[in-house]
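Working through the structure, step by step
Residue strings, one per chain:
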Amino acid sequence: MSVMESKSCNNFVSYVGIEELEMQQIDSSQRNSLIENNLKLLRGEVLVAKAQNVLMFLPVGDLKQGTSGILSVTNFKLSFITTDDSNGEDNNHQQNHLYGYTDTCLTNIDEIYLIVGDKKKKLLPGNLVPSKVKAIFITCKNLRTWSFSFKFSPLGHGKNILNALLHHAFPSRHHLLFAYDYTEPYYSSLDKGIRLFRNISDWQNEFERILSSEKAGQGWRLSTVNIKFQLCSSLPQYIIVPASLTNSQLTDAAKYFQGNRLPVWAWSNQHGAALVKIPELLPTITERIQENIMLENIRKSHPHKLPPIVIELSKDISVKSIAVGFSKFYSLCSPENIRQLWIQDNNFYSLLESTKWLKYVSYCLEKTVTACENLNSGYSVVLQEGEARDLCCVISSLIQLLLDPHFQTIVGFQSLIQKEWVASGHPFCDRLGHMMKPNSEKSPLFLLFLDCVWQLCQQFPAEFEFTETYLTTLWDAAHVSIFDTFIFNCEKDRTMAATDPNTPLILRSVWDWREQFNDQDILLFYNPLFNAYGKTLTEKTIVKPLYSISNLELWSQCYFRWIPPLVIHNGGGSHIDLYTRLLRNDINQLRLSIDRSCGSPIDKIGSYLLQMNIDSFYPFSSKRSGNTVSTPIISSTILATESLLDAQSLITVPD
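Conventions we followed
Residues numbered from 1 in each chain as written. Predicted model: local features only at pLDDT ≥ 70, side-chain atom pairs only at ≥ 80, totals over all residues. Heavy atoms only, no water. Helix = DSSP H or I, 4+ residues; strand = E, 2+ residues; numbered from the N terminus. Buried < 20%, exposed > 50% of the residue type's maximum accessible area, 1.4 Å probe, protein only. Contact = heavy atoms within 4.5 Å. Areas by Shrake-Rupley, 256 points an atom, 1.4 Å probe, with all protein chains shown as cover. Phe/Tyr/Trp six-rings, centres within 6.5 Å; stacked < 30°, edge-to-face > 60°. Lys NZ or Arg CZ within 6 Å of the ring centre and 35° of its normal. Pairing = 2+ DSSP bridges. Axes fitted to C-alpha atoms, helices over the stretch in contact; angles between N-to-C directions. Expected span 1.5 Å × (residues − 1). Salt bridge = Lys/Arg side-chain N within 4 Å of Asp/Glu carboxyl O. Parallel < 35°, antiparallel > 145°, perpendicular 65-115°, else oblique. Left-handed = near helix turned anticlockwise from the far one by under 90°. Nonpolar A, V, L, I, M, F, W, Y, C, P; charged D, E, K, R; others polar. Core = buried A, V, L, I, M, F, W, Y, C linked by side-chain atoms within 4.5 Å. Domains from an automatic or database assignment. Polar contact = N/O pair within 3.5 Å; in protein donor to acceptor, adjacent residues only side chain to side chain. pLDDT = per-residue confidence, 0-100.

When helices and strands are counted, the protein chain shows 21 helices and 16 strands. Counting only residues that meet the buried cut, the protein chain has 57% of its 655 residues in that class. Restricting to contacts in the protein chain with at least 6 residues of sequence separation, those with at least 24 account for 75%. By element, 51% of the accessible surface of the protein chain is carried by carbon and sulfur atoms, the whole surface being about 27,200 Å².

Looking now at the packing of aromatic side chains. Applying the stated criterion across every chain, the model contains 35 aromatic pairs. Stacked on the ring of Y101, the Lys or Arg R144 has its end atom at 4.6 Å from the ring centre.

Attention shifts here to the sheet that holds strand β14 (residues 381–384). Spatially, the four strands line up as an open sheet ordered β11-β12-β14-β13, and their pairing is mixed. Both outer strands of the open sheet, β11 (264–268) and β13 (309–312), are each paired with one neighbouring strand and no more. Looking at each pair of strands side by side, their axes are set apart by 25° on average, direction ignored. The strands touched by helix α7 (residues 289–300) are β12 (274–278), β13 and β14; relative to β14, the strand with the most contacts, the crossing angle is about 150°. Along the sheet face, helix α11 (residues 357–376) touches β11, β12, β13 and β14 and points at about 175° away from the line of β13.

With respect to topology, eight strands assemble into an open sheet ordered β4-β3-β2-β1-β8-β7-β5-β6, the strand pairing being antiparallel. The open sheet has two free edges, formed respectively by β4 (103–105) and β6 (119–123), since each of these has just one partner strand. Here the strands of the sheet are splayed against their neighbours by 30° on average, with no regard to which way each runs. Sheet analysis places strand β7 (residues 135–140) next to strand β8 (residues 145–149), joined by five bridges and oriented antiparallel. Within β8, the residue paired with I138 across the bridge is W146.

Burial of the side chains of β14 extends over both faces: V381 and L383 are buried on one face and V382 and Q384 on the other. Inspection of the sheet shows β12 paired to β14 by four bridges, in the parallel sense. Paired with I278 across the two strands is Q384, which belongs to β14.

What follows is about helix α15 (residues 445–459). Compared with an ideal rise of 1.5 Å per residue, which puts 15 residues at 21 Å, α15 spans 22 Å between its outermost C-alpha atoms and is within 8% of the ideal. For α15, the buried fraction is high: 13 of the 15 residues fall into the buried class.

Considering all chains together, one arrives at 24 salt bridges under this definition. Between D484 and R494 there is a salt bridge whose closest N-O contact spans 2.9 Å. Placement of D484 in the loop between α16 (468–477) and α17 (491–498) and of R494 in helix α17 is noted, with a sequence separation of 10 residues between them. Judged by its relative accessible area of 2%, D484 is buried. When its relative accessible area of 1% is taken as the criterion, R494 is described as buried.

Two elements in contact, α11 and helix α12 (residues 391–403), have axes separated by 9 Å at closest approach and are oriented at 55°. Considered as vectors, α11 and α12 are oriented oblique to each other. The element α11 and its partner α12 pack so that their crossing is right-handed. Along its contact with α11, which presents C364, L365, K367, T368, A371, C372, L375 and N376, the element α12 presents L391, V394, I395, L398, I399, L402 and L403. Its residues assigned to classes, the contact of α11 with α12 comprises 12 nonpolar, two polar and one charged.

Right, let's talk about the nonpolar core for a bit. The tendency in soluble globular proteins is for nonpolar side chains to be buried as a group. Core analysis: the largest hydrophobic core is formed by 132 residues, its most contacted members being F413 and Y559. For this core, the element with the most residues is α15, which contributes 11 residues. If you count residues domain by domain, this core takes at least three from each of domain 1 (47–170) and domain 2 (200–558). In contact with F413, other than residues within four places in its own chain, are L401, H406, F407, F449, L450, V453, F466, Y470, L471 and L474.

Okay, the packing of helix α13 (residues 410–422) against α16 next. Running from N to C, α13 and α16 cross one another at 35°; their axes reach a closest spacing of 13 Å. Note on packing geometry: the crossing formed by α13 with α16 is right-handed. Contact residues: I410, F413, Q414 and I417 in α13; Y470, L471 and L474 in α16. For the contact of α13 with α16, the residue count by class is six nonpolar, one polar and no charged.

Bringing α13 into the picture now. Taking burial as the measure, the 13 residues of α13 include 12 buried ones, the bulk of the element. Every buried residue of α13 is accounted for by I410, G412, F413, Q414, S415, L416, I417, Q418, K419, E420, W421 and V422. With a side-chain oxygen positioned 3.0 Å from the backbone nitrogen of G412, the residue opening α13 is T409.

Okay, the environment of A51 next. Relative to the helices and strands, A51 is located in strand β1 (residues 47–57). Relative accessible area serves as the criterion here: at 0%, A51 is assigned to the buried category. Excluding anything up to four places from it in sequence, A51 contacts G69, I70, L71, F150, H157 and I161.

Further remarks concern unusual backbone geometry. The omega torsion across Y618 and P619 is 5°, close enough to zero to call that bond cis. Structurally, P619 can be placed in the loop between β15 (605–611) and β16 (628–634). The residue F229 is not glycine, and still its phi comes out positive at about 55°. Relative to the elements of secondary structure, F229 occurs in the loop between β9 (220–223) and β10 (239–242). The backbone phi angle of K305 is positive, close to 55°, even though this residue is not glycine. The residue K305 is located in the loop between α7 and β13 in this model.

Attention now goes to the confidence of the model for the protein chain. On average, residues of the protein chain carry a pLDDT of 86, and 82% of them reach 70 or more. Across residues 604–608, where pLDDT falls below 50, the model places 24 contacts with residues more than four positions away in sequence or in other chains. Low pLDDT, under 50, characterises residues 628–655; the stretch is placed with 92 contacts to residues that sit more than four places away or in other chains.

Right, let's talk about the pairing of strand β2 (residues 67–74) for a bit. Extensive coverage of β2 is indicated by the burial of seven of its eight residues. Inspection of the sheet shows β1 paired to β2 by seven bridges, in the antiparallel sense. When the sheet's bridge partners are listed, L47 is paired in β2 with T74. Alignment of β2 against strand β3 (residues 77–82), held across five bridges, turns out to be antiparallel.

Next comes the structure, spelled out in structure tokens:
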């Protein structure tokens, strides 16, 4: 037991004994109006259960008074509607088109606890729910927590809510995810530059982009040995392999490796040094003949026939150890009450060290730097682990992010995730815990990767086009069961779902951000300091991040945004970002003035409202905004050579 746990045993504060006078009352006419007018249902979404006169408490907040409202469960989300909701939308935090600020997707729910007195009992599907439920506590995968009391609700309402949650939030079959019920027509507005790597043309284009030079491309070929997933269910239909290997050799070799997977190419530099991912041999295989054959063919693919450097990723950490460490880290970042928060605060860094979370971040960055150094020295690098579907995805993506300028743009970054995670068969369904299984394989590999990327953004603030708000939003989006991107284990499962003759699934990419947000929210994804000019593979400045734990930081926006006592009002990094955007807009205004004097065509300038009264976790704030100022912002069509962010600033909707 950790120091924190030993000091805070049974310190959960009950919400049941709150006096009726402390509840914000809603009369019956108000209540009916709220449920009719404010519970927004998507097409295919149905109301399963609702409870009236429910008290909701802020996380680690004032436990003497809750906010009263109606708690509803649908087949998509848990929704809490209050009297405040009738006052209009809050424009100081992200406005998601699919769910509101006091909603959470059912696939985001991690654990549900029944509160009895000052103790809490974890509930699982199939558990018997008492007839009178007084309070529940819910933890979410994105570290948000919810506390609800049914003290003033009609008898049976709490039980209905709890039964609905236990049934719908932990599906036993993939077809029970909301993506299969969502019937909204999909008209893709994806950026044409994003490659999903589902068809051969995307692989051919990537092959030509990176392996265009004779030196780099002569040792590799695009193979269809896995067409229709006939060789391996977790690999894509098209893979790039050493040119010296025939399809029959690949077929024979696959049965010796874990998951029936093969060594596959990921990336090459201009010198022909390649990045390759290879699985480990099956535990029953004692001879390493097939592995040596594969490594020999990787050597032959090098222009100078240099032997590759093999980096074994499973020696020091594992998928399970990462899961165990994150479980402790989760408890540290999601205190149940104010008392636990202050107890943890007394020895926070020792508790943080015991979770080993930053150690895992450091490990991934260290392996990335080692691989980059070898590649820059002209040696091919082979990443090896289990089935090459977990840590290989993390390290391979980080390497390419550092060495390839294309992947440092938003479009490129999204294509990178598609190539190295989605198409390569990272088991998102298992790792994100979308299905209820006896032996859970849940582990936050994708969050570990995003944390590493955030560390890079902190150390090199002008190298990447995306912001930490983009990375945090991406982690949230991974738990929205509408998009196919993160709900499958492999491309074969995705293809089968889309071609099912009975209930074909409409594939919606999470990269189509306009499905969730308005343009003013999307603008916050773009880094005002980013400058893409002059970035090519041959001219790229080598970026070498510091990876020791002492050089790493804690990603506060992602991990602490739901804890009100930690909010810095009118301060924090969000204000630095705000004034950076204002400064960038001033520069664009000067450019516009120069263009006017040169007689260049001028588009109209729009007037937008800038949020000035924001807190440290903006745009994930829980409070309404205060002061706003109106300022002319250059339209994105004016500076045709600039990115979207270069042309606009931190903006909300036009006045």
